[in-house]
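Examination of the molecular architecture
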Amino acid sequence: MSEALTSDAPARQPLRERLAKNADGILEQIAREYGVSTFDVVEALPAEHRAIVPGSAFEKILGALMSWGPMVFIVHTPDIVLECEGPIPPGSVGRGYFNLHGDSPIGGHIKIENCTSIAFVMRPFMGRESRSIQFFNAAGEAMFKIFVRRDEKRELVGEQVKLFDALKTELTS
């Protein structure tokens, strides 16, 4: 983990301390403010807000998500935050990619070997509870994120929360 997590300009509190007081905020923006990777920010979250598993769990996680119903798939780069809602389609490995194909607006080809860590993140976002599974590359940047959906009242879909919690427990036990 970068030294910037614990010491920086005197006007700014250390990252772990900041996140312990308030885990809300855009992870990528916090990373830029502290000069660290997005994964460094996730690692600095209090333990109750994150669980990290190795990238080797990629296929198992994507396989489980296929039965959860519509999810929110996000790709966040410095230039765009692209959100797509739909079921996670079936996928298969071929030519070094995890190829998503099926009847969903979510599709594409993910370089599976680039996924080094996966984080289950449970934290407030814009003042509301959120749950996401975030897939990170070796540089510590998010390849993509998959969020538990919200219902018409803007509350997390209860069944997906249960499935999220069960998968996190299974993979971290």
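Along each chain, residue indices are assigned from 1 in the same order as the chain's sequence is written. Local features in this predicted model are restricted to residues of pLDDT 70 or higher, and side-chain atom pairs are both shown and tallied only at a pLDDT of 80 or more, whereas totals for entire chains, interfaces and linings draw on every residue. Excluding hydrogens and water, the side-chain figures rest on all heavy atoms present in the structure.

Glancing now at the sheet that holds strand β2 (residues 70-76). Any two strands between which DSSP finds at least two bridges are classified as paired. Per the convention used, a helix needs a DSSP run of H or I reaching at least four residues, while a strand needs a run of E reaching at least two, with both numbered from the N terminus. Judged by pairing direction, the sheet is antiparallel, and its 6 strands sit side by side in the order β1-β7-β8-β9-β2-β3 without closing on themselves. The sheet terminates laterally at β1 (50-54) and β3 (81-87), the two strands that pair on one side only. Across the sheet, the mean angle from the axis of one strand to that of its neighbour is 25°, orientation sign disregarded. Note: β2 against strand β9 (residues 142-147), 3 bridges, orientation antiparallel. Opposite Val-72, over in β9, you have Phe-147 as the bridge partner. Note on contacts: a residue pair qualifies if any of its non-hydrogen atoms lie within 4.5 Å across the two residues. Angular values range over 0 to 180 degrees, each being the angle between N-to-C directions of two axes fitted as lines to C-alpha atoms, with helices fitted over their stretch in contact. Set on the sheet, helix α2 (residues 27-34) makes contact with β2, β7 (117-125), β8 (128-136) and β9; between it and β9 the angle comes to about 145°. Along the sheet, helix α4 (residues 58-65) makes contact with β1, β2, β7, β8 and β9, crossing β8 at roughly 135°.

This next bit is on helix α5 (residues 158-172). Each α-helix turn comprises 3.6 residues. Residues three or four places apart therefore point the same way. Here, expected helix span is obtained from the residue count minus one, scaled by 1.5 Å. Here α5 spans 21 Å end to end across 15 residues, near enough to the 21 Å set by a 1.5 Å rise per residue. When we look at burial in α5, the residues that qualify are Gln-160, Val-161, Phe-164, Leu-167 and Lys-168. Buried residues in α5, looked at end-on, bunch into an arc of 135°, giving them a common side. If you follow the buried residues of α5, they end up packed against β1, α4, β2, β7 and β8. Note on exposure labels: buried denotes an accessible area under 20% of the residue type's maximum, exposed denotes more than 50%, and partly exposed covers the range between, all computed with a 1.4 Å probe on protein chains only. By definition, the arc is the one covered by directions from the helix axis to the C-beta atoms.

Pairing is antiparallel in the open sheet, where 3 strands are placed in the order β4-β5-β6. Edge strands, defined here as strands with exactly one partner in the open sheet, are β4 (91-94) and β6 (108-111). Along the sheet, successive strands turn relative to each other by an average axial angle of 25°, direction set aside. Of the strand pairs in this sheet, strand β5 (residues 97-100) and β6 are connected by 4 bridges, and their pairing is antiparallel. Within the sheet, the bridge partner assigned to Phe-98 lies in β6 and is Ile-110. Packed onto the sheet, α4 meets β4, β5 and β6 and runs at close to 5° relative to β5.

Definition used in this section: a nonpolar core is a set of buried Ala, Val, Leu, Ile, Met, Phe, Trp, Tyr and Cys residues joined via side-chain atoms within 4.5 Å. By size, the foremost hydrophobic cluster in this structure holds 30 residues, and its most contacted members are Phe-58, Ile-61, Ile-118, Phe-120, Ile-133, Phe-135 and Phe-144. If you list the elements that add at least two residues to this core, you get β1, α4, β2, β5, β7, β8, β9 and α5. Residue contributions to this core peak at 4 residues, all from α4. With residues up to four places along the chain from it excluded, the contact list for Ile-133 reads Ile-61, Leu-65, Trp-68, Ile-118, Ala-119, Phe-120, Phe-144, Lys-145, Ile-146 and Phe-164.

Think of a salt bridge as a Lys or Arg side-chain nitrogen and an Asp or Glu carboxyl oxygen that are within 4 Å of each other. The full count for this structure, using the stated rule, is 7 salt bridges. Residue Arg-131 is joined to Glu-129 by a salt bridge in which the shortest nitrogen-to-oxygen separation is 2.4 Å. The exposure class assigned to Glu-129 is partly exposed, which follows from its relative accessible area of 47%. Taken together, the shared-partner salt bridges in this structure form one network comprising Glu-129, Arg-131 and Asp-165.

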